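Here is what each chain is made of, one letter per residue.
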Amino acid sequence: MKFNCLPPSIVFQEVPNEISLCFSVSGCKVACTGCHSTELWNADYGSHLSNKSFINWLTKYQNLISCVIFFGGEWQAKALIEKLLIARNLGLKTCLYSGQKHIDISISEHLNFLKTGPWQSALGGLESITSNQVFRDIKTGEKLNHLFIKNHHSNLLKGVNNVAA
Ligand code: SF4
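Residues numbered from 1 in each chain as written. Predicted model: local features only at pLDDT ≥ 70, side-chain atom pairs only at ≥ 80, totals over all residues. Heavy atoms only, no water.

Novice: Looking at this model, I keep getting lost on the nonpolar core. Mind explaining?
Specialist: Most often, soluble globular proteins have nonpolar side chains that are buried together. Within the largest apolar cluster, 24 residues are counted, with the highest numbers of intra-cluster contacts made by Phe23, Phe54, Leu58 and Phe70. Those elements giving two or more residues to this core turn out to be strand S3 (20–24), helix H1 (51–61), strand S5 (67–71) and helix H2 (77–89). In terms of residues, this core owes the most to one element, H2, which gives 6 residues. When near neighbours in sequence (up to four residues on either side) are disregarded, Phe70 contacts Phe3, Phe23, Val25, Leu49, Phe54, Leu80, Lys83, Leu84, Cys95, Leu96 and Tyr97. With 12 residues, the next largest nonpolar core counts Ile69, Cys95, Tyr97 and Leu126 among its residues. (Core = buried A, V, L, I, M, F, W, Y, C linked by side-chain atoms within 4.5 Å. Buried < 20%, exposed > 50% of the residue type's maximum accessible area, 1.4 Å probe, protein only. Helix = DSSP H or I, 4+ residues; strand = E, 2+ residues; numbered from the N terminus. Contact = heavy atoms within 4.5 Å.)

Here is the structure:
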C-alpha cells in the first residue's frame, strides 16, 4: 500500500528545542474546514516513501537533525510505525501532527511528541491560548502548548523591538 509523501523539509518550530525533518503524508481524511493543505486529502499526491528511501533521507540529514515529524499518516498505522521505529533506531526523536483527537497507543508508544486536534480557525493553532489543539510530550504526559505561546509572544516582542530599533 502506498505511503505517499511530499519531499521532506527541515523545520525548527514544530517541535520546541528540536531540529526536525518533516514529512507530510497524503490521504488525510479529517477534512478540517479551512485546511491550508487540501492537496494532502488526495492519497495519490506526492510519491511513495518506502522504508529504504526513508532511511536514505534520515542518513542524509542525520547530523543536522534531532527529530522526525510526520504530518499525518496515522491512517496507515503499519507503515507509519515502521518508520517511527527506523527513526528511533537511528537515535532520533519522533513526533506526529494529527488532526484527530485520539491516536492509537500502538502508534503513540513510538512517539516522543504528539499534536492532536483538528484545525478550527475560530480557536487558532498551537500558538493560540484558545486552541482546541494539544501538543504533548508523550513520555511525561505534559502538555507543552505554553512553549508555542511563549515563542509567539517573544516573536511579537522581537517584532516590536525591531520596529522600535
Ligand atoms: S488534519 Fe491537517 S491536512 Fe488534514 S484536513 Fe485538517 S488541517 Fe488539513
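Novice: Would you explain the environment of Glu109 in this entry?
Specialist: Mapped onto the elements, Glu109 comes out in the loop between helix H3 (105–108) and strand S7 (113–116). Judged by its relative accessible area of 46%, Glu109 falls in the partly exposed class. With residues near it in sequence (within four places) discarded, Glu109 still touches Arg88 and Lys139.

Novice: Help me understand H1, please; the structure alone is not making it clear to me.
Specialist: Note that an α-helix has 3.6 residues per turn; residues three or four places apart therefore point the same way. Along H1, the positions that sit buried rather than exposed are Phe54, Leu58 and Tyr61. Buried positions in H1, seen along its axis, are confined to an arc of 75° and lie on one side of it. What points out from H1, more than 90 degrees from its buried face, is the exposed set Lys52 and Lys60. On its buried side, H1 packs onto strand S2 (9–11), S3, S5 and H2. (Arc of directions from axis to C-beta.)

Novice: Sorry, what's going on with the packing of aromatic side chains here?
Specialist: Aromatic ring pairs are described here by two measures, namely the spacing of the ring centres and the angle between the planes. Using the criterion set out here, one finds 9 aromatic pairs in the structure. Between Phe23 and Phe70 the ring centres are 5.5 Å apart and the planes differ by 25°, which places this aromatic pair in the stacked class. A residue pair is termed long-range when its members are at least 10 positions apart, and Phe23 in strand S3 and Phe70 in strand S5 qualify at 47 residues. The pair Phe23 / Phe70 is uniform in exposure class, with both members buried. When the centroid spacing of 5.8 Å and the interplanar angle of 25° are considered together, the rings of Phe113 and Phe135 count as stacked. On the criterion of sequence distance, the pair formed by Phe113 in strand S7 and Phe135 in strand S8 (residues 134–137) is long-range, its members being 22 residues apart. (Phe/Tyr/Trp six-rings, centres within 6.5 Å; stacked < 30°, edge-to-face > 60°.)

Novice: Explain the site of the ligand to me, please; I cannot follow it from the model alone.
Specialist: Close contacts around the ligand come from Cys28, Val30, Ala31, Cys32, Cys35, Trp41 and Gly99, and that covers them all. A class-by-class count of the residues in the shell around the ligand yields 6 nonpolar, 1 polar and no charged. (Near = heavy atom within 4 Å. Nonpolar A, V, L, I, M, F, W, Y, C, P; charged D, E, K, R; others polar.)

Novice: Is there a simple way to think about the environment of Glu127 in this case?
Specialist: The topology assignment puts Glu127 in the loop between S7 and S8. Judged by relative accessible area, which is 39%, Glu127 ranks as partly exposed. Taking the C-alpha atoms as reference points, Glu127 and Val68, separated by 59 residues in sequence, lie 21 Å from one another.

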